[in-house]
Amino acid sequence: MKTAVVILNWNGKNWLEKFLQNVIFNSSDATVIVVDNNSSDNSVSFLQEKFPEIQIIQNEGNYGYAKGYNLALKQIDAEYFVLLNSDIEVTKDWISPIVSLMDSDKTISACQPKILDYNNKSKFEYAGASGGYIDKFGYPFCRGRIFDELEEDKGQYNDAIEVFWATGACLFVRSSQFLEIGGLDEDFFAHQEEIDLCWRLKNKGYKIMVEPKSEVYHVGGGTLNVGSPFKTHLNFRNNLYMLFKNLPLSSLFTIIPVRLVLDGIAAITFLKKEKGMRHLFAISKAHFAFYFEIPKLISKRRKISQKCSLTGKNNYSILVKNKIIGIKKFSDL
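Residues numbered from 1 in each chain as written. Predicted model: local features only at pLDDT ≥ 70, side-chain atom pairs only at ≥ 80, totals over all residues. Heavy atoms only, no water.

So, about empty space enclosed by the protein. Unfilled space is identified by rolling a water-sized probe across the atoms. As enumerated under the stated definition, the model contains 1 cavity of 30 Å³ or more in all. Quantified by volume, the largest cavity comes out at close to 30 Å³. With 5 residues, helix H1 (residues 13–25) is the largest single contributor of residues to the lining of the largest cavity. Here the lining of the largest cavity is composed, by residue class, of 7 nonpolar, 2 polar and no charged. (1 Å grid on protein atoms, 1.4 Å probe; cavity = no way out; pocket = protein on both sides within 12 Å on 5 of 7 lines; lining within 4 Å. Points joined across faces, edges and corners; volume = space filled by probe spheres on them. Helix = DSSP H or I, 4+ residues; strand = E, 2+ residues; numbered from the N terminus. Nonpolar A, V, L, I, M, F, W, Y, C, P; charged D, E, K, R; others polar.)

This is the structure:
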């Protein structure tokens, strides 16, 4: 098949009820497949009854985003995989602009649509907005989103351009190049594994794009909500994993120590929030997990040809730009 839209589900029956029909209706130019990560909420029986035409791949456990997709995608023969969250409403003709763009340039490995907020459709959504970037210390941000500052979509980021990372909420990826680099890093489980994937693809000389002619609406927090300490743990741990694997040696020993200090400051600020002590513990646990995994990360580094200059990777601190200088819009950077 040309394009496979692959939805990973874990106890997301409510999202399948809400959005799957919309995806099927607007994806006549693709095959829609649901991958179930051993749900306990009758998701599979619901699919079999309500959508008997849909192919279902059943994983034996809850393997998270990374391994869950890796296992399933090995069973799917398509030129393009679309990794689509279950809490997304797609729009008419959302597939063809991206497929056309990727068809036009074989060096484009991955691409995302414009991601807007399902609950406030005039605003960009946190997970990707109109294309992802990264600063010198590994903090991700987007055209349309800096930290928690979300811009209104006024068409200001409607150009298709090369970016650093494409969102895992709706990720179009060329299957041959996805498999070439070994797919997603399963040690990440979930969160920032798509940024790591895009970084490894860019280190191979491939491009990551955003094509805003395609639009989707994302609810966000469909599996782990924003206030989850486990989500905090994954984000801090995985970011350190990603930096250690992909940074050039020339900056590895300067960036990592600074990030560890910045993480400590972040942990203190979490104390002001609900479940503050649990978030602080989650960050501490993330650091110890990182230290423990360093031998394994060294082995992974050796398989990557790290590059110093990559489109979308900026040599400034987004923390300084946003928290100290006060810049809240991507266009003002």
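Turning our eyes to something else, we now look at the state of the cysteines. Taken as a whole, this structure holds 0 disulfides when the rule is applied. This cysteine, Cys111, is not joined by any disulfide, and Cys170 carries the nearest cysteine sulfur, 9.3 Å off. Residue Cys308 stays outside any disulfide, its sulfur separated by 20 Å from that of Cys198, the closest cysteine. A residue is classified by how much of its surface remains accessible, and Cys308, at 60% relative accessible area, is exposed. (Disulfide = S-S within 2.5 Å. Buried < 20%, exposed > 50% of the residue type's maximum accessible area, 1.4 Å probe, protein only.)

Note on placement: Thr167 falls in the loop between strand E12 (161–163) and strand E13 (170–174). What Thr167 contacts, discounting residues up to four positions off in sequence, is Gln112, Ile115, Ala127, Gly128 and Glu194. (Contact = heavy atoms within 4.5 Å.)

Glancing now at the nonpolar core. Formed by 64 residues in total, the largest nonpolar core has its most connected members in Tyr69, Leu73, Ile76, Phe81, Leu83, Leu184 and Trp199. It is helix H7 (residues 229–246) that contributes the most residues to this core, 6 residues altogether. Contacts of Leu184, omitting those with residues within four sequence positions, involve Tyr65, Ala66, Tyr69, Asn70, Leu83, Phe178, Glu193, Glu194, Leu197 and Arg200. One finds Ile54, Tyr80, Val82 and Phe172 within the second-largest nonpolar core, a separate group that totals 31 residues. (Core = buried A, V, L, I, M, F, W, Y, C linked by side-chain atoms within 4.5 Å.)

Quick look at a nonpolar patch on the surface now. A cluster of nonpolar side chains, namely Ile268, Leu271 and Met277, defines an oily patch on the protein surface of about 320 Å² accessible area. Within the secondary structure layout, Leu271 lies in the loop between helix H8 (249–270) and helix H9 (276–301). (Patch = residues over 30% accessible without salt bridge, like charges linked within 9 Å, V, L, I, M, F, W, Y side chains within 5 Å. Areas by Shrake-Rupley, 256 points an atom, 1.4 Å probe, with all protein chains shown as cover. Salt bridge = Lys/Arg side-chain N within 4 Å of Asp/Glu carboxyl O.)

What follows concerns the pattern of salt bridges. Applying the stated rule across the entire model yields 17 salt bridges. Lys204 serves as the salt-bridge partner of Glu180, at 3.3 Å between the closest nitrogen and oxygen. Taken together, the residues span a long stretch of sequence, with Glu180 in helix H5 (residues 175–180) and Lys204 in the loop between helix H6 (193–203) and strand E14 (207–218) at a distance of 24 residues. By relative accessible area, Glu180 is classed as partly exposed at 40%. Residue Lys204 is classed as partly exposed on the basis of its relative accessible area of 47%. Between Lys245 and Asp196 there is a salt bridge; the shortest N-O distance is 3.0 Å. Placement of Lys245 in helix H7 and of Asp196 in helix H6 is noted, with a sequence separation of 49 residues between them. Pair check on accessibility: Lys245 and Asp196 agree, each one buried. Counted as one network, the salt bridges with shared partners bring together Asp185, Asp187, Asp196, Arg200, Lys245, Lys296 and Lys300.

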